[in-house]
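Residues per chain, in single letters:
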Amino acid sequence: MELKLAATDPLKTKTACLVLGAWEKGLNAPLLKRLDDALQGELQRAVRNGEFSGKEGELLVLRPQPALPAERILLLGLGSRTAAGLEPLRRAAGQAVTALRGQRLTRVVCALPLVELRNGRLDDKVEAVAEGALLAGYRFDRYLPAAEQKSGLLPKSFHLLIDRSSDRNACQQALNRAEQISRGACLARTLVNEPGNTKSPAWLAEQARAVAAEAGLHCTVLNREDLRREGFGALLGVAQGSEREPCLILLEHRGGPDGEAPVALVGKGVVFDSGGISLKPAEKMDEMKMDMAGGAAVIGTLLAAGRLQLPVNLLGVVPAVENLPSGTAIRPGDILTSLSGKTIEVLNTDAEGRMILADALTYVQRFAPRLVIDLATLTGACIIALGRHASAVLGNDQALVRQLLAAGEQSGERLWQLPLWPEYDRQLKSDIADVKNTGGRPAGTITAAAFLQRFVDKARWAHLDIAGTAWNDEARPYAPKGGSGVGVRLLLRFLRNLTVER
């Protein structure tokens, strides 16, 4: 599906489908009044009959010919306009693409960027609508028979309408950004959706190398011998139950000034998590191919950052392992010596993500980063606390946390802060090692973050627990079931804000 800009009157444009949006109680907007007049009150009749009110998710199809040149009009409800941001436009664009999939339309014209939005610049609206449309077009169908593949059944072209008087250059830049950001998010989705029999740590490293070649990044991969020589005891301990070799993936985007400290992004890369000796229940274990969603988000973010040439130095680090039970697997009660030298008492081998992140967080200190953000599908407790509508954020720097919260609101990938008080750290006290790898069931998301904090040293650091948001159990307006690609759009918005502040 090709996205283009067009500056025409929506009601005078010939198209297979014209996409419009309406706020709840906002059907008196000038464009909608013109539409209703042209259709001799058909829109108001639909409102009176209860067919449409503008509530979010509502959809009304009108057949306007011969009064208008469009063959059909797809009117989408945007919900309440009160304090609305850009997210309703993303969702409506996604809903439109989903509704039109399979209809083999040649040209669709979308007037959603023209929707009135308080404090909303046109280029921002163009970017949001383009993101929603492109993300909704994604399908992971490569293993289906050709006749059942749906990724090719989208409209051939999707024209976003802008004002004739608008800054077309700014809108084109916004459209280009949306395309690269969506590519990064869709790559992350694909990495998550790939089955476990394909997705070894070595395979993930190959995907990172391909990304580096495409986006002009520098890629380094540390193999098992490198990790052993360096002393990655926690990472190697998690990996020792699998025949698949672990690795540490490093991606560097050198877009900032020479010598400027990098922003370090660290993503958990457990390509399949059975729980190890502390075996998970069989139900939904198939979904544990998504336990590398943090690593996928880092790789997707670096792809987009490189292609967008963001003016910042970035370091992406993905510790990649497989966690399986076997005769060589670590056992509950084992003690591992981490890269930092701290010893870890392993009470539960299913609390493995924090152990590989501990070594990765220690390793990134060698690069003297200006700040560190890690992402991980770390705790089931996070799903209990926040459901699947927000990721948790915790950290040692409140200014950094606030910046991430703001980026979450702007990108539509919302965060909610949890406390990280010293009292929680005490749950990790071990009688025979420096730290236990679990503090028990109470406050499980917080104690996992407290564990990671022990390996951060003095860096400005934030932790994102994406356990509830990395996988969609059901389709959403611009995301199908499966991997969500969460984290990519959030991080890119954060990085863009960071470069503006500088």
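Every value quoted in this text rests on a predicted model; they were computed, and no experiment measured them. (Residues numbered from 1 in each chain as written. Predicted model: local features only at pLDDT ≥ 70, side-chain atom pairs only at ≥ 80, totals over all residues. Heavy atoms only, no water.)

J.: For this particular structure, what's the right way to read the overall build of the protein?
T.: Secondary structure summary: the protein contains 15 helices and 20 strands in total. On C-alpha atoms alone, the protein measures out to a radius of gyration of 24 Å, which is about the 23 Å that the 2.2 N^0.38 rule sets for 502 residues. With the principal axes as the frame, the protein shows a C-alpha extent of 80 × 50 × 45 Å. Taking the contacts inside the protein whose residues are at least 6 apart along the sequence as the reference set, 77% of them involve residues at least 24 apart. Here the protein contributes 62 positively and 56 negatively charged side chains, and the mean placements of these two sets differ by 5 Å. (Helix = DSSP H or I, 4+ residues; strand = E, 2+ residues; numbered from the N terminus. Rg over C-alpha atoms; globule rule 2.2 N^0.38 Å. Contact = heavy atoms within 4.5 Å. Lys, Arg positive; Asp, Glu negative; His and termini not counted. Charge placed at Lys NZ, Arg CZ, Asp CG, Glu CD.)

J.: Would you take a moment to explain the packing of aromatic side chains for this structure?
T.: By convention here, two paired aromatic rings are described through the distance between centres and the angle between planes. One pass over the structure, following the stated rule, counts five aromatic pairs. For the pair Phe 451 and Phe 455, a centre-to-centre distance of 5.2 Å together with 45 degrees between the ring planes defines the contact as tilted. When sorted by exposure, Phe 451 lands in the same class as Phe 455, which is buried. Connected via pairs of aromatic rings, a cluster forms that spans Phe 232, Tyr 363 and Phe 367. (Phe/Tyr/Trp six-rings, centres within 6.5 Å; stacked < 30°, edge-to-face > 60°. Buried < 20%, exposed > 50% of the residue type's maximum accessible area, 1.4 Å probe, protein only.)

J.: What am I meant to see in helix H5 (residues 168–193) here?
T.: Helical geometry note: an α-helix holds 3.6 residues per turn, so side chains three or four residues apart project in the same direction. The end-to-end C-alpha separation of H5 is 37 Å, in line with the 38 Å expected for 26 residues at 1.5 Å each. Most of H5 sits out of view: 19 of its 26 residues are buried. The distance from a side-chain oxygen at the start of H5 to the backbone nitrogen of Asn 169 is 3.1 Å, and the residue carrying that oxygen is Asp 167. (Expected span 1.5 Å × (residues − 1). Polar contact = N/O pair within 3.5 Å; in protein donor to acceptor, adjacent residues only side chain to side chain.)

J.: Looking at this model, I keep getting lost on the sheet that holds strand E17 (residues 435–436). Mind explaining?
T.: Two orientations exist for strands paired in a sheet by backbone hydrogen bonds: parallel and antiparallel. With mixed pairing, three strands are arranged side by side in an open sheet as E12-E13-E17. Edge positions in the sheet fall to strand E12 (335–337) and E17, since each of these pairs with one other strand and no more. Pairing of E12 with strand E13 (residues 343–345), which is carried by three bridges, proceeds in the antiparallel orientation. Among the inter-strand pairings, Leu 336 is bridged to a residue of E13, identified as Ile 344. (Pairing = 2+ DSSP bridges.)

J.: Quick question: what am I supposed to make of the side chain of Thr 349 here?
T.: Here Thr 349 is to be found in the loop between E13 and helix H10 (353–364). A distance of 3.2 Å separates a polar side-chain atom of Thr 349 from the backbone nitrogen of Ile 277. For Thr 349, the contacting residues outside a window of four places in its chain are Gly 275, Gly 276, Ile 277, Ser 278, Asn 323, Ile 330, Arg 331 and Pro 332.

J.: What is the right way to read the environment of Asn 348 from this model?
T.: One can find Asn 348 in the loop between E13 and H10. Using a relative accessible area of 28% as the deciding quantity, one classes Asn 348 as partly exposed. Linking Asn 348 and Leu 405, residues 57 residues apart in sequence, is a C-alpha distance of 31 Å. Residues in contact with Asn 348, not counting those within four places in the same chain, are Ser 278, Asn 437 and Thr 438.

J.: Would you mind going over the sheet that holds strand E1 (residues 2–6) with me for this structure?
T.: Reading across from one edge, E1-E6-E5-E2-E4-E3 is the order of the six strands in this open sheet, with mixed pairing throughout. Both edges of this open sheet fall to E1 and strand E3 (59–62), since each of them pairs with a single strand only. For this sheet, the mean inter-axis angle between neighbouring strands, taken without regard to orientation, is 25 degrees. Its contacts with the sheet place H5 against E1 and strand E6 (157–161), and it is angled at close to 165 degrees to E1. (Axes fitted to C-alpha atoms, helices over the stretch in contact; angles between N-to-C directions.)

J.: Got a minute to help me understand the nonpolar core in this structure?
T.: Within soluble globular proteins, side chains that are nonpolar tend to cluster in buried spots. By size, the foremost hydrophobic cluster in this structure holds 103 residues, and its most contacted members are Val 19, Leu 160 and Leu 204. Considering each element in turn, this core owes the most residues, eleven residues, to H5. Leu 160 has contacts with Leu 3, Lys 4, Leu 5, Ala 6, Cys 110, Pro 113, Val 126, Val 129, Ala 130 and Leu 175, leaving out every residue within four places of it along the chain. Counting residues in hydrophobic clusters, the runner-up holds 52 residues, among them Leu 227, Ala 360, Ala 459 and Trp 461. (Core = buried A, V, L, I, M, F, W, Y, C linked by side-chain atoms within 4.5 Å.)

J.: Quick question: what am I supposed to make of unusual backbone geometry here?
T.: A negative phi angle is the norm for most residues apart from glycine, just as the trans form is the norm for most peptide bonds. That bond from Gln 65 to Pro 66 is cis: its omega, 10 degrees, falls within 30 degrees of zero. Looking at the element boundaries, Pro 66 is found in the loop between E3 and strand E4 (73–79). Non-glycine residue Lys 25 carries a positive phi angle of around 60 degrees. Residue position: Lys 25 is located in the loop between strand E2 (17–23) and helix H1 (30–38).

J.: So what exactly am I meant to see when it comes to the pairing of E2 here?
T.: Successive residues of a regular strand alternate their side chains across the two faces of the sheet. Counting buried residues along E2, seven of its seven residues qualify, which places the element largely inside the surrounding structure. Here E2 shows a buried face lined by Cys 17, Val 19, Gly 21 and Trp 23 and a second buried face lined by Leu 18, Leu 20 and Ala 22. Pairing analysis gives three bridges linking E2 to strand E5 (residues 107–110), with the strands arranged parallel. Paired with Cys 17 across the strands is Val 108, a residue of E5. In this sheet, E4 lies alongside E2 in parallel orientation, the contact comprising six bridges.

J.: Please explain the pattern of salt bridges as it appears in this structure.
T.: Should the charged atoms of two oppositely charged side chains come close, the side chains can pair. Per the counting criterion, the structure on display carries 32 salt bridges. Between Glu 2 and Lys 4 there is a salt bridge; the shortest N-O distance is 3.9 Å. On the basis of relative accessible area, Lys 4 is assigned to the partly exposed category, the value being 33%. (Salt bridge = Lys/Arg side-chain N within 4 Å of Asp/Glu carboxyl O.)

J.: Before we go on, may I ask you to explain the state of the cysteines in this structure?
T.: Two cysteines whose sulfur atoms are joined by a covalent bond form what is called a disulfide. The final tally for this structure, using the stated rule, is zero disulfides. Here Cys 17 is not cross-linked by a disulfide; its sulfur's nearest cysteine counterpart is in Cys 110, at 9.2 Å. On the basis of relative accessibility, which here comes to 0%, the residue Cys 17 falls in the buried class. Cysteine Cys 247 is unpaired, with the sulfur of Cys 219 as its nearest cysteine sulfur at 9.2 Å. Here Cys 247 falls in the buried class, since its relative accessible area comes to 4%. (Disulfide = S-S within 2.5 Å.)

J.: I'm lost on the packing of helix H3 (residues 87–100) against helix H4 (residues 122–136) in this one. Help?
T.: Any two packed helices are characterised by the angle at which their axes cross and by the distance between the axes. Packing of H3 against H4 brings their axes to within 7 Å, and their N-to-C directions diverge by 40 degrees. Relative to H4, H3 is oriented so that their crossing is right-handed. Taken together, the residues of H4 that come into contact with H3 (itself represented by Leu 89, Arg 90, Ala 93, Gly 94, Val 97 and Thr 98) are Lys 125, Ala 128, Val 129, Glu 131, Gly 132, Ala 133 and Ala 136. The residue inventory of the contact of H3 with H4, partitioned by class, reads seven nonpolar, three polar and three charged. (Left-handed = near helix turned anticlockwise from the far one by under 90°. Nonpolar A, V, L, I, M, F, W, Y, C, P; charged D, E, K, R; others polar.)

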